[in-house]
Structures are given as structure tokens and as C-alpha cells.
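Observations on the three-dimensional arrangement
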Amino acid sequence: MPTYEALPRFTTDLDRLTPEQRRRFRQTVMAFVEDLRAGGRFRAGLRVKRVQRAPGIYELTWSMGTGPAGRATWQYGPALRPGTPHVIWRRIGTHDILTGP
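Residues numbered from 1 in each chain as written. Predicted model: local features only at pLDDT ≥ 70, side-chain atom pairs only at ≥ 80, totals over all residues. Heavy atoms only, no water.

Check the secondary structure of the chain and you find two helices and five strands. Secondary structure elements of the chain occur, N-terminal to C-terminal, as β-α-α-β-β-β-β. Computed over its C-alpha atoms, the radius of gyration of the chain comes to 13 Å, within 12% of the 13 Å expected for a compact globule of 101 residues. Principal-axis analysis of the C-alpha atoms places the extent of the chain at approximately 40 × 25 × 25 Å. Within the chain, residue pairs in contact and separated by at least 24 positions form 47% of the contacts whose partners lie at least 6 positions apart. In the structure as shown, the chain presents an accessible area of about 6200 Å², 53% of it carried by carbon and sulfur atoms. Of the charged side chains in the chain, 17 are positive and 8 negative, and the gap between their average positions amounts to 3 Å. (Helix = DSSP H or I, 4+ residues; strand = E, 2+ residues; numbered from the N terminus. Rg over C-alpha atoms; globule rule 2.2 N^0.38 Å. Contact = heavy atoms within 4.5 Å. Areas by Shrake-Rupley, 256 points an atom, 1.4 Å probe, with all protein chains shown as cover. Lys, Arg positive; Asp, Glu negative; His and termini not counted. Charge placed at Lys NZ, Arg CZ, Asp CG, Glu CD.)

Quick look at the packing of aromatic side chains now. Each aromatic ring pair is specified by the distance between its two centres and by the angle formed by the two planes. All chains considered together, the criterion is met by eleven aromatic pairs. Look at phenylalanine 32 and tryptophan 89: their rings are 5.3 Å apart centre to centre, the planes differ by 50°, and that puts the pair in the tilted class. On the criterion of sequence distance, the pair formed by phenylalanine 32 in helix H2 (residues 19–37) and tryptophan 89 in strand S5 (residues 86–93) is long-range, its members being 57 residues apart. The burial state of phenylalanine 32 is the same as that of tryptophan 89; both residues are buried. Note on phenylalanine 42 and tryptophan 74: the rings are 6.0 Å apart at their centroids and 70° apart in plane angle, and the pair reads as edge-to-face. (Phe/Tyr/Trp six-rings, centres within 6.5 Å; stacked < 30°, edge-to-face > 60°. Buried < 20%, exposed > 50% of the residue type's maximum accessible area, 1.4 Å probe, protein only.)

Turning next to the pattern of salt bridges. In the structure shown here, the tally under the stated rule is seven salt bridges. Here aspartate 13 makes a salt bridge to arginine 91, at a shortest N to O gap of 2.5 Å. Within this pair, whereas aspartate 13 is found in helix H1 (residues 8–16), its partner arginine 91 is found in strand S5, the two being separated by 78 residues in sequence. Accessibility classification places aspartate 13 together with arginine 91 in one group, the buried group. The salt bridge partner of arginine 43 is glutamate 34, with a shortest N-O separation of 3.1 Å. (Salt bridge = Lys/Arg side-chain N within 4 Å of Asp/Glu carboxyl O.)

What follows concerns the pairing of strand S3 (residues 58–62). The element S3 is largely enclosed, with a buried count of five among its five residues. Of the two faces of S3, both are covered, the one formed by Tyr58, Leu60 and Trp62 as well as the one formed by Glu59 and Thr61. As judged from the two bridges shared by strand S2 (residues 49–50) and S3, these two strands associate in the antiparallel manner. From the neighbouring strand, arginine 50 faces S3, where its bridge partner is tyrosine 58. Relative to strand S4 (residues 70–77), S3 is paired through five bridges, and the arrangement is antiparallel. Within S4, the position partnered with tryptophan 62 by the bridge is glycine 70. (Pairing = 2+ DSSP bridges.)

Here it is in C-alpha cells:
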């Protein structure tokens, strides 16, 4: 099972989401974790890609229903358990979070 941590800014962003937006994020994270367990090749539907001009930072995009797509930025951190990916969640919200990923 991959390990993770959330930066304070991520937690603040998460608190601003509606309950439905948080539910959709949790569903997306289940698929994300499944792909990490399988070796880190992410399915196309997760739309994982590097953030431009932010080395080592990635974004994950999903539908939040009506309105703009949801996005979360993250990076790999040092493994807490050998051979197990460690994810550091950085930001969550809409496209606006990419100004300070």
C-alpha cells in the first residue's frame, strides 16, 4: 500500500471543496492507488502529467460534475517503506491551483 502525506495547503484547499467534490476526489484516489500498486503506470482516465515549469510536480485531473475539472498536484517523496511509493499531496481544486502547484 503506498504511503502519503498532505501539505497544510492541500488540507486547506480540501476543506474548501464541497462534500460531492471530496467524494469524487476519493473515488479518483482509489484508482490512483490501484495504479501505484500495479507499478505506477497510470490509466489514461486519471490524466496524470507533469506540471510545466515545476520539476518533480505532477497533476491528477478528474471530473467534478458540473463546472471545471478537479485537479490535485502531488510529488513523490522519499519512500517510508522500501519499494513502496510515497506521495506528497500539494494542492487540490480547479485549474487555478496550477499558479502555485
